[in-house]
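# Report on the structure
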Amino acid sequence: MARARTVLPDPSYEELFTRARNRLPGSQLPELAELRRQAWRRVCEIGLPTSRVEEWKYTSILGRVQKALPLLEATAPPLEQLKAAFAGGVEARRLIFVNGRLVPELSHTGGLPDGMAITSLERLAARQPERLAALTRPAEEEGSAFAWLNAAFWTSGAVVELAAGVRPQAPLQLLFFQDAREQAGMTHPRLVVRLGPGARLHLIESHLGEGEAGQWVNLVGAVELGEGAELVHEVMQAPPQSATLLARSRIQLAAGARLVRNIASLGGGLVRNETEVHLCGSGAEALLNGLYMPMEREHVDQFVRVHHEQPGCHSDQFFKGIVGGKARAVFAGRIMVYRDAQKTNAYQANNNLLLSDEAEVDTKPELEIFADDVKCSHGATVGALDPSALFYLRARGLPQAVAESLLTYAFAGEVLERVVDPHLRGQMARRVLDRVPGGGALEAEGLV
Amino acid sequence: MALLEIEDLRARVEGKEILKGVSLSLEAGEVHAIMGPNGSGKSTLAYVLAGRDGYEVTGGAVRFLGEDLLAMEPEERAAAGLFLAMQYPVEIPGVSNMYFLRQALNALRKARGEEEVKPGEFLKQVRAAAELLGMPQELLKRDINVGFSGGEKKRNEILQLAVLEPRLAVLDETDSGLDIDALKTVAQGVNRLRGGERAFLIITHYQRLLNHIVPDRVHVMVDGRILRSGGKELALELEERGYEGFAGKAA
């Protein structure tokens, strides 16, 4: 087939797949082995994207992923760093992934309420392998080569299931630690979250790590919310600068379900989030808040699509970016209102602050509306600090440099304020302060 | 020595001359009012005093406590004891009112070589000021001026004034957008902050604020100049005759 815009994966992937497929979890199961082979064929059919693919116009990932890297193994991670990233409070349950592999000894999933189950794909491979294919199969129309790559190469993952009406008090934290002190490689973790009707979950996801060895994380999430279910999903991405993080989430909401997703990208050499939200039932609501703050030569790409498939749904995207150094940020947000989706309310705002002449932002808000009775709006700004706000702070006595730092922080603070878990919010705020020029001089007390 | 000495001050905004030779002298402890029609240059004078960018001084001098005010950065003017209550206070989402106020107070103290305020003491001070102005505590925790009504924003300015304790407070149309009850509360607050060494320069379009904050001197400003100065009765005369009468007389 013609392959003008995508390229075949390097033969090293084929070699790795041949070598590893009999050792991958669930390989003893013909159905799963076939699924992995099929997934691998789809990767080859679709090809890896060059910047000539419209959706990858501003993000060039090929150099980082074209050649297969070894599948990462878990290590003994630095415990102090892990603990510093704990969020959700003392009651929180926690799954810890090191280099993309679940480490049960470090995890804490005991004492769950009836109707709530947390398990790993590896564990299912040993105990209920017949479930694996359904849990790891991408949607047939899935067009992302990386989603299929994940389906072919996954080695670990979490499955979180809540039965109807189950509403655990304590948050669940998924902590991904990239130990890149010695190992270079790739990992394809998978996350499945299913909330039954009326269930509610507070899910916290943290990405961090240490080291200079290049690692690539290709995370795929599949989230399904039943009728009236509610998910608060809060994500902090702060892997080391040596890392590449690609996180693709497909989230489906049944009627009356509610999603709040707060995501802060505060580290990593290249981070791309692909968020596809499907409002599949009437009255569903999705609030997506995002903050990204690439510095130096970092690159962050926020790719968001909200599908209004049914009437009376509400969505609101609120993304803010602060870009410094020679960094680059991309925001591509699309609202798609299907023909039947009357009485849709859909909003999108993307505001960016450029801190240097060499920083770059590419923002591309898009509306596709096929219904006539809808309220939709979008807006994007790219600018510098507001001179009148700067004057206001200086007129109250704040030195210019402090006023600038404070306003830069405030720009991010407007997103941080929406973060529900105070521990996570504090961790994000400290990282924001580290990234704000002169932020070290700001008093953290009262701010974070 | 006068607290504030403005001498033949001329200033331009976007190339247009707005202040055409303003002279004014204000002693410690005095309250002066500047009245004038829209576009007469009152707010420009306020911004020039506070040091806002884009207001180009083309002539004259301003001495504040004997120092050359115009040579100072805005934050240096604040540290010297100048406070401008703004006509349009800026909304700053992402930072709480309380945090901002504490940082401002500590910045002023630091510039003056004083110690930082103790948290307990600060809280007490802010609460007292909020009570004085009938401001709900909840507003203090909110982001700076975000979601405040016009009246709440103006009260917030006076709250900052009460906590930062300047030597000279310039109130730029603090009465605009206030209903009569809010006006009274704000005036009461200002009156409680009067006395001692503190001086006020009150800029207003209407006389009604001056029923509640009685000035020592009133200056009438028209077309970038002070046309007349007098006692508090001048405000009443102005109310009766209107600015037209004054402008006509000048011509």
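Of regular secondary structure, chain A possesses ten helices and 22 strands. Over its C-alpha trace chain A gives a radius of gyration of 21 Å, about what one expects of a compact globule, namely 22 Å for 448 residues. Considered along the principal axes of its C-alpha atoms, chain A spans approximately 70 × 55 × 55 Å. When each of the 448 residues of chain A is scored for burial, the buried share is 60%. Across chain A, the fraction of contacts at a sequence separation of at least 24, relative to all contacts at a separation of at least 6, is 84%. When the accessible area of chain A is evaluated, it comes to approximately 16,900 Å², of which 49% is carbon and sulfur surface.

The subject of this paragraph is the pattern of salt bridges. Oppositely charged side chains can form a pair if their charged atoms are brought close together. Evaluation of the coordinates by the stated rule reveals 43 salt bridges over all chains. R435 of chain A is paired through a salt bridge with E298 of chain A; the nearest N and O atoms lie 2.7 Å apart. Within this pair, whereas R435 of chain A is found in helix α10 (residues 422-435), its partner E298 of chain A is found in the loop between β16 (285-292) and β17 (299-308), the two being separated by 137 residues in sequence. Residue classification places R435 of chain A among the buried residues on the basis of a relative accessible area of 16%. Overall, E298 of chain A belongs to the buried group, its relative accessible area being 4%. In this structure, R394 of chain A engages E75 of chain B in a salt bridge whose closest nitrogen and oxygen atoms are separated by 2.7 Å. Note that R394 of chain A is positioned in helix α8 (residues 387-395) and E75 of chain B in helix α2 (residues 74-80), a pairing that runs across two chains. Residue classification places R394 of chain A among the buried positions, given a relative accessible area of 7%. For E75 of chain B, a relative accessible area of 13% gives the class buried. Among the charged side chains, a salt-bridge network with shared partners connects E55, E142, R248, R272, E274, E276, D301 and R305 of chain A.

Moving on, we get to the interface of chain A and chain B. Counting residues at the interface gives 25 residues for chain A and 31 residues for chain B. The contact between chain A and chain B buries some 2,300 Å² in all, and 62% of this surface belongs to carbon and sulfur atoms. Contact with chain B buries surface across chain A, with F391, Y392 and R396 of chain A losing the most and accounting together for 36% of the total. Linking chain A to chain B there are four salt bridges.

Before going further, it helps to spend a moment on the sheet that holds strand β6 (residues 82-85) of chain B. Residue and element names in this part refer to chain B. Reading across the sheet, the six strands line up as β6-β9-β10-β3-β11-β12 and stay open at both edges, with mixed pairing between neighbours. The open sheet has two edge strands, β6 and β12 (225-230), and neither has a second partner. Each strand axis lies, on average, 20° off the axis of its neighbour in the sheet, ignoring direction. Where helix α6 (residues 150-164) meets the sheet, it contacts β6, β9 (168-172) and β10 (199-204), and its direction lies at approximately 165° from that of β6.

Residues and elements named next belong to chain A. Summed over the entire model, instances satisfying the criterion amount to twelve aromatic pairs over all chains. Here the aromatic rings of F17 and F153 are separated by 5.6 Å at their centres, their planes lie at 75°, and the arrangement is edge-to-face. With F17 in helix α1 (residues 11-20) and F153 in helix α7 (residues 145-153), this pair connects stretches of sequence that are 136 residues apart. Exposure remark for F153: the relative accessible area of 0% places this residue in the buried category. Joined through ring pairs, the aromatic side chains of Y13, F17, W40 and F153 make up one cluster. The residue whose ring lies beneath K320 is F411, and the NZ or CZ to ring-centre distance is 4.0 Å. In this arrangement the basic side chain of R418 is found over the ring face of F318, its NZ or CZ atom lying 3.9 Å from the centre.

All names here are of chain B. Here we have four strands laid out as an open sheet, ordered β2-β1-β4-β5, and antiparallel in their pairing. If you trace the sheet from one side to the other, it starts and ends with β2 (16-26) and β5 (67-68), each paired once. The pairing of strand β4 (residues 55-64) with β5 spans two bridges and is classified as antiparallel. Counted as the bridge partner of R63 is D68 from β5.

Here we take up α6 of chain B. Residue pairs three or four apart in sequence face the same way in an α-helix, which turns once every 3.6 residues. Helix length check: α6 of chain B, at 15 residues, gives a terminal C-alpha distance of 21 Å against a target of 21 Å (1.5 Å per residue), a fit within 8%. Of all 15 residues that make up α6 of chain B, 13 are buried, and the element is covered over most of its length.

On to the pairing of strand β12 (residues 230-238) of chain A, then. All names here are of chain A. Burial within β12 is extensive, with eight of its nine residues counted as buried. Of the pairings in the sheet, the one linking strand β10 (residues 200-210) to β12 comprises nine bridges and is parallel in character. Among the inter-strand pairings, S206 is bridged to a residue of β12, identified as M236. Examined bridge by bridge, β12 and strand β14 (residues 258-265) share eight bridges and lie parallel to one another. Considered in β14, the bridge of V235 is made with I263.

Here we take up the side chain of R396 of chain A. With respect to the helices, strands and loops of the structure, R396 of chain A is situated in the loop between α8 and α9 (400-416). Among the residues examined, R396 of chain A registers a relative accessible area of 1% and is labelled buried.

In this section: the confidence of the model for chain B. Predicted confidence across chain B gives a mean pLDDT of 93, with 98% of residues reaching 70 or more. Predicted complex metrics record ipTM = 0.96 and pTM = 0.93.

All names here are of chain A. Burial analysis of strand β6 (residues 157-162) places five of its six residues in the buried class, which makes it a mostly covered element. Pairing of strand β5 (residues 116-120) with β6, which is carried by five bridges, proceeds in the antiparallel orientation. In the strand pairing of β6, I118 is matched with V160. Note that β6 and strand β9 (residues 190-195) share six bridges and pair parallel. Within β9, the residue paired with L162 across the bridge is L195.

Calculation notes
Residues numbered from 1 in each chain as written. Chains lettered and ligands numbered in written order. Predicted model: local features only at pLDDT ≥ 70, side-chain atom pairs only at ≥ 80, totals over all residues. Heavy atoms only, no water. Helix = DSSP H or I, 4+ residues; strand = E, 2+ residues; numbered from the N terminus. Rg over C-alpha atoms; globule rule 2.2 N^0.38 Å. Buried < 20%, exposed > 50% of the residue type's maximum accessible area, 1.4 Å probe, protein only. Contact = heavy atoms within 4.5 Å. Areas by Shrake-Rupley, 256 points an atom, 1.4 Å probe, with all protein chains shown as cover. Salt bridge = Lys/Arg side-chain N within 4 Å of Asp/Glu carboxyl O. Buried area = accessible area lost by both parts, 1.4 Å probe. Pairing = 2+ DSSP bridges. Axes fitted to C-alpha atoms, helices over the stretch in contact; angles between N-to-C directions. Phe/Tyr/Trp six-rings, centres within 6.5 Å; stacked < 30°, edge-to-face > 60°. Lys NZ or Arg CZ within 6 Å of the ring centre and 35° of its normal. Expected span 1.5 Å × (residues − 1). pLDDT = per-residue confidence, 0-100.

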